[in-house]
Amino acid sequence: MQVLSQDMGYEMYKGSCLCGDICFEITGEIKNIVYCHCSRCRKAQGSAFATNGNLEEKHFNIIQGEQNLTKYESAPGEYKYFCKKCGSPIISKNDAKPGNVRVRLGTIETDIKEKPEAHIFVSSKANWDEINDRLPRYDSYKS
Ligand SMILES: [Zn+2]
Ligand SMILES: [Zn+2]
């Protein structure tokens, strides 16, 4: 029997946090990748925006360091998971969307074939942040 690292034709992606203690694998398609300029994402990333994508939870597997993954409830029912040693943001979960996680794309080490589709919450973007691409822009969530 052949052992495949592919599921439904998707290559497996690998990622880790800054200190390397937490390592994970992604075994399914990342959907609805957006640049989120909202104030909470800006603070959570310490940057102009967060780049996040949807993933079925069953396709997100922590293979090392799960004991270092901790969470912060950033809004009722919304949890941001990060490495308690180095602070890298890894995923978020929302009680209203069971079975799904949103992965922080900056922690993925392998090339991915999916691409960002839009800028969201551009009405909240930092005044020093200039958007210079042609992706659609939304003032709240992508419709
Ligand atoms: Zn870490
Ligand atoms: Zn956001």
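Before any of the text, the structure's been laid out above.
Position numbers for residues start from 1 in each chain and track the written sequence from start to end. For this description, chains carry letters from A and ligands carry numbers from 1, given in the order in which they are written. Side-chain atom pairs in this predicted model are given and counted only at pLDDT of 80 or more, local residue features only at pLDDT of at least 70, and totals for whole chains, interfaces and linings cover all residues. Excluded from the side-chain calculation are hydrogens and water; included are all heavy atoms of the structure.

Looking at the side chain of threonine 107
Okay, so step 1: What counts as a helix is a DSSP run of H or I of at least four residues, what counts as a strand is a run of E of at least two, and both are numbered from the N terminus. As for its placement among the helices and strands, threonine 107 is situated in the loop between strand S11 (100-104) and strand S12 (118-120).
Okay, so step 2: The classification of residues rests on relative accessible area computed with a 1.4 Å probe and restricted to protein chains. Under 20% of the type maximum is buried, over 50% is exposed, and intermediate values are partly exposed. A relative accessible area of 9% means that threonine 107 is categorised as buried.
Okay, so step 3: When residues no more than four places from it in sequence are discounted, the contact partners of threonine 107 are Gly15, Ser16, Phe24, Pro89 and Ile90. Every residue pair with non-hydrogen atoms within 4.5 Å of one another is taken to be in contact.

Details of the coordination of the zinc ion (ligand 1)
Okay, so step 1: In this description, a donor is an N, O or S atom within 2.8 Å of the metal centre, a cutoff extended to 3.2 Å for sodium, potassium and calcium. Water is not part of the atom list, which can make sites seem incomplete. Those protein atoms acting as donors to the zinc ion (ligand 1) are Cys17 (SG), Cys19 (SG), Cys83 (SG) and Cys86 (SG), and they sit at 2.3 Å.
Okay, so step 2: In this structure, the zinc ion (ligand 1) is surrounded by four donor atoms whose angles at the metal cover 103 to 115 degrees, and the resulting shape is tetrahedral.
Okay, so step 3: Mapped onto the polypeptide sequence, the residues donating to the zinc ion (ligand 1) form the spacing pattern C-x1-C-x63-C-x2-C. Of this pair, cysteine 17 sits in the loop between strand S3 (13-16) and strand S4 (23-26) while cysteine 86 sits in the loop between strand S9 (78-83) and strand S10 (89-94), and the two are 69 residues apart along the sequence.
Okay, so step 4: Cysteine 17 gets classed as buried once you look at its relative accessible area, which sits at 5%. Under the classification used here, a metal with four donors is tetrahedral if each angle lies between 85 and 135 degrees, square planar if opposite donors are over 155 degrees apart and the others between 65 and 115, a six-donor metal meeting that same test is octahedral, and anything else is irregular.

A word on unusual backbone geometry
Okay, so step 1: Positive phi values are uncommon outside glycine, yet asparagine 32 reaches one of about 55 degrees.
Okay, so step 2: Turning to its location among the elements, asparagine 32 is positioned in strand S5 (residues 31-36).
Okay, so step 3: A relative accessible area of 25% places asparagine 32 in the partly exposed class.
Okay, so step 4: Positioned with a positive phi, phenylalanine 121 is a non-glycine residue whose angle comes to about 55 degrees.
Okay, so step 5: Take phenylalanine 121: its relative accessible area is 18%, and that puts it in the buried class.

A look at the coordination of the zinc ion (ligand 2)
Okay, so step 1: The protein atoms that coordinate the zinc ion (ligand 2) are Cys36 (SG), Cys38 (SG) and Cys41 (SG), at distances of 2.1 to 2.3 Å.
Okay, so step 2: As a motif over one chain, the donors of the zinc ion (ligand 2) read C-x1-C-x2-C.
Okay, so step 3: In this structure cysteine 41 comes out as buried when scored by relative accessible area, which is 6%.

Quick look at the environment of histidine 59
Okay, so step 1: Checked against the element boundaries, histidine 59 lands in the loop between strand S6 (50-56) and strand S7 (60-64).
Okay, so step 2: Separated by 34 residues in the primary sequence, histidine 59 and glutamate 25 place their C-alpha atoms 7.8 Å from one another.

Examining the pattern of salt bridges
Okay, so step 1: We count a salt bridge whenever a side-chain nitrogen from Lys or Arg sits within 4 Å of a carboxyl oxygen from Asp or Glu. Throughout the structure, instances matching the rule amount to six salt bridges.
Okay, so step 2: Lysine 14 serves as the salt-bridge partner of glutamate 25, at 3.2 Å between the closest nitrogen and oxygen. On the criterion of sequence distance, the pair formed by glutamate 25 in strand S4 and lysine 14 in strand S3 is long-range, its members being 11 residues apart.
Okay, so step 3: For lysine 14, a relative accessible area of 36% gives the class partly exposed.
Okay, so step 4: Residue glutamate 117 pairs with lysine 142 through a salt bridge whose shortest N-O separation is 3.0 Å. Taken together, the positions of glutamate 117 in the loop between S11 and S12 and lysine 142 in the segment after S12 put the pair 25 residues apart, joining distant regions of the chain.
Okay, so step 5: Judged by relative accessible area, which is 34%, glutamate 117 ranks as partly exposed.
Okay, so step 6: For lysine 142, a relative accessible area of 29% corresponds to the partly exposed category.

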